[in-house]
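# Descriptive analysis of the structure
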Amino acid sequence: MREDVVADDVARQIASGYATGGAALELGAVVVDGVPDAGAAVRIPLATVNRHGLVSGATGTGKTKTLQLLAEQLSDAGVPVLLADVKGDLSGMVEPGRADQVAERAAEVGDAWRATGYPVQFWSLGTRGRGVPVRATVTSFGPLLLAKVLGLNPTQESTLGLIFHWADQRGLALLDLKDLRAVIQFLTSDEGAAELQGVGGVSPATAGVILRALSNLEARGGEEFFGEPELAVADLMRQVDGRGVVNLLELDDVQSDPVLFSTFLMWLLAELFEELPEAGDLDRPKLVFSFDEAHLLFSDASKAFLQRIEQTVKLIRSKGVGIFFCTQLPTDLPGTVLSQLGARVQHAIRAFTPDDQEALSRTVKTFPTTEHYRLDEALTSLGTGEAIVTVLSEAGAPTPVAWTRLRAPRSLMGAIGEEAVRENAASSPLWERYRESVDRESAYERLAAKVAAPVREEPAAATERPGLVQQAMENPAVRSFVRSAASALGREITRGLFGNRRRR
């Protein structure tokens, strides 16, 4: 830093790059020489939030509180938010905070703090959690995302795609894992093999791998995530008394199956991409989506999968959706994704090992140059609740790098307890809609593989007992189900960027 420049002047000079004409999210105050300047505000223009962002830093440096701070102000602006609550720490957002915990911080950063609770909707992936269950049908989830969950190689993924295509052509929904298993078994049977003649068919060996992977997924409890009623993304975009609802998606068991959880988040994002219309430039986003533990999504992902993530991130902003990735290091994200993130809130980095030092060096290179800080030293010296920040200005240009002491959240910083979460979820207007799983007990549910096959007319002289397919199709209940499925889904399902069902 130039020694001949007064620290206050430097702080105000940096803060001038964060001046806005419209609404903005207040992050905190500029810090120079360890001292915050309450008059030097750091903020994110609300109109640029759909240009996405990254909140990163080592464990315990304040990432979760930063997400809480952003979510509160977005809610106040009428913008719904979806946060993945990995540790359960965000449940306190439903209650007002405590002044004694934040009074000093509020004075340091010039914040007229007041205790505030927020409208929170608690969700859980599957049916074991405390919130309103979030489910997807296998048909909606699609082959690409399911292949990632199952850990399939490209050949197996291609076969799974063929299986889905066949079911889609028949207008048959795969509601849960039992349905998919039945279809695979049928297509590898003597009776079903002819269905895929001319396109290579499904080899027994590949089918066996997929079936074993399905068994493993079921053993891990994965069957609880698939079924009906399926989440309608419109239920993530609600307001209460003019404030955006904060959707907290319970993920406190994420370590038990990180790939499944992260891929389900990608399904939610893909559903938003397919469902929402083009919106163009807005003065505020329609929804902000937080992607916690983002490194899990990119780990072991295929090139094609990464390309689709990149494309989704690039295109979804025109639909009014902002994405904030949250992870420990910027290097956890591919460069093609990182380059599309307009806002950067970088908490402290620990640099104890040679690998840490290399990650630190690479992180420094991702920030604009600054004459006011030595970033390699700053990033290892940040206190809890401090961050190195740069965002996009209203003109779309990067703001000056600012060492920032962040504001404290206005809601309770901490968990409210499992029973309180259950009570809150049960009082939600969405509870009755989603709480009970619906399993269509019908001929198709029991004999999906048989129903899907075309009926083969037997010669008049045939005396053999009719096959199971023919018996099933002669059942009025089966025929009624097939007509219903075909009417609901159309002759063939159209699929989106991630292979998820494009609803019509």
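Just so we're clear, the structure is a prediction, and the values are computed from it rather than from any experiment.

What counts, and where the lines are drawn
Residues numbered from 1 in each chain as written. Predicted model: local features only at pLDDT ≥ 70, side-chain atom pairs only at ≥ 80, totals over all residues. Heavy atoms only, no water. Helix = DSSP H or I, 4+ residues; strand = E, 2+ residues; numbered from the N terminus. Buried < 20%, exposed > 50% of the residue type's maximum accessible area, 1.4 Å probe, protein only. Contact = heavy atoms within 4.5 Å. Areas by Shrake-Rupley, 256 points an atom, 1.4 Å probe, with all protein chains shown as cover. Pairing = 2+ DSSP bridges. Axes fitted to C-alpha atoms, helices over the stretch in contact; angles between N-to-C directions. Parallel < 35°, antiparallel > 145°, perpendicular 65-115°, else oblique. Left-handed = near helix turned anticlockwise from the far one by under 90°. Nonpolar A, V, L, I, M, F, W, Y, C, P; charged D, E, K, R; others polar. Expected span 1.5 Å × (residues − 1). pLDDT = per-residue confidence, 0-100.

## Regarding the overall build of the protein
Looking only at helices and strands, one finds 20 helices and 14 strands in the protein. A buried classification covers 56% of the 504 residues belonging to the protein. Of the contacts made within the protein by residues no fewer than 6 positions apart, 76% connect residues no fewer than 24 positions apart. Summed over all atoms, the accessible surface of the protein reaches about 21200 Å², with 49% contributed by carbon and sulfur.

## Quick notes on the pairing of strand β5 (residues 120–125)
Burial of β5 is extensive: six of the six residues sit out of reach of the surface. With burial as the criterion, each face of β5 is covered, one bearing Val120, Phe122 and Ser124 and the other bearing Gln121, Trp123 and Leu125. Note: β5 against strand β9 (residues 246–250), five bridges, orientation parallel. Looking across to β9, one finds that Phe122 is bridged to Leu248. For β5 and strand β6 (residues 132–134), the ladder comprises three bridges, and the chain directions are parallel. Across the sheet, the residue bridging to Trp123 is Val132, located in β6.

## Notes on the packing of helix α5 (residues 143–150) against helix α10 (residues 258–275)
At a minimum axis separation of 9 Å, α5 and α10 run at an interaxial angle of 165°. In terms of orientation, α5 and α10 fall into the roughly antiparallel class. α10 is crossed by α5, and the crossing has right-handed handedness. Two secondary-structure elements touch here, α5 through Leu145, Lys148 and Val149 and α10 through Val259, Leu260, Thr263, Met266 and Trp267. Split into classes, the residues belonging to the contact of α5 with α10 amount to six nonpolar, one polar and one charged.

## Considerations on the pairing of strand β2 (residues 35–45)
With respect to burial, β2 is a largely interior element, eight of its eleven residues being buried. Where strand β1 (residues 24–32) meets β2, seven bridges bridge the pair, whose relative direction is antiparallel. What sits directly across from Ala29, in β2, is Ala41. Count of turn residues in the β1/β2 antiparallel hairpin: two residues, of which Asp33 carries a positive phi of about 55°.

## Side note on helix α9 (residues 204–219)
Taking 1.5 Å per residue, 16 residues should reach 22 Å; α9 reaches 22 Å between its end C-alpha atoms and fits that length. Along α9, the positions that sit buried rather than exposed are Thr206, Ala207, Gly208, Ile210, Leu211, Ala213, Leu214 and Leu217. Gly221 sits one or two residues past α9 and shows a positive phi near 85°.

## Overview of the side chain of Ser290
Following the sequence through the fold, Ser290 ends up in strand β10 (residues 287–291). Every residue in contact with Ser290, bar those within four places of it in the chain, is listed here: Leu67, Leu82, Leu83, Ala84 and Phe324.

## Description of the confidence of the model for the protein
Note that predicted coordinates carrying low pLDDT should not be read in detail. Averaged over every residue, the pLDDT of the protein is 85; residues scoring 70 or more account for 86%. Of the regions scoring below 50 in pLDDT, residues 441–449 engages in 23 contacts with residues more than four places distant in sequence or in other chains. Confidence over residues 451–491 falls short of pLDDT 50; this stretch has 52 contacts with residues more than four positions distant or in other chains.

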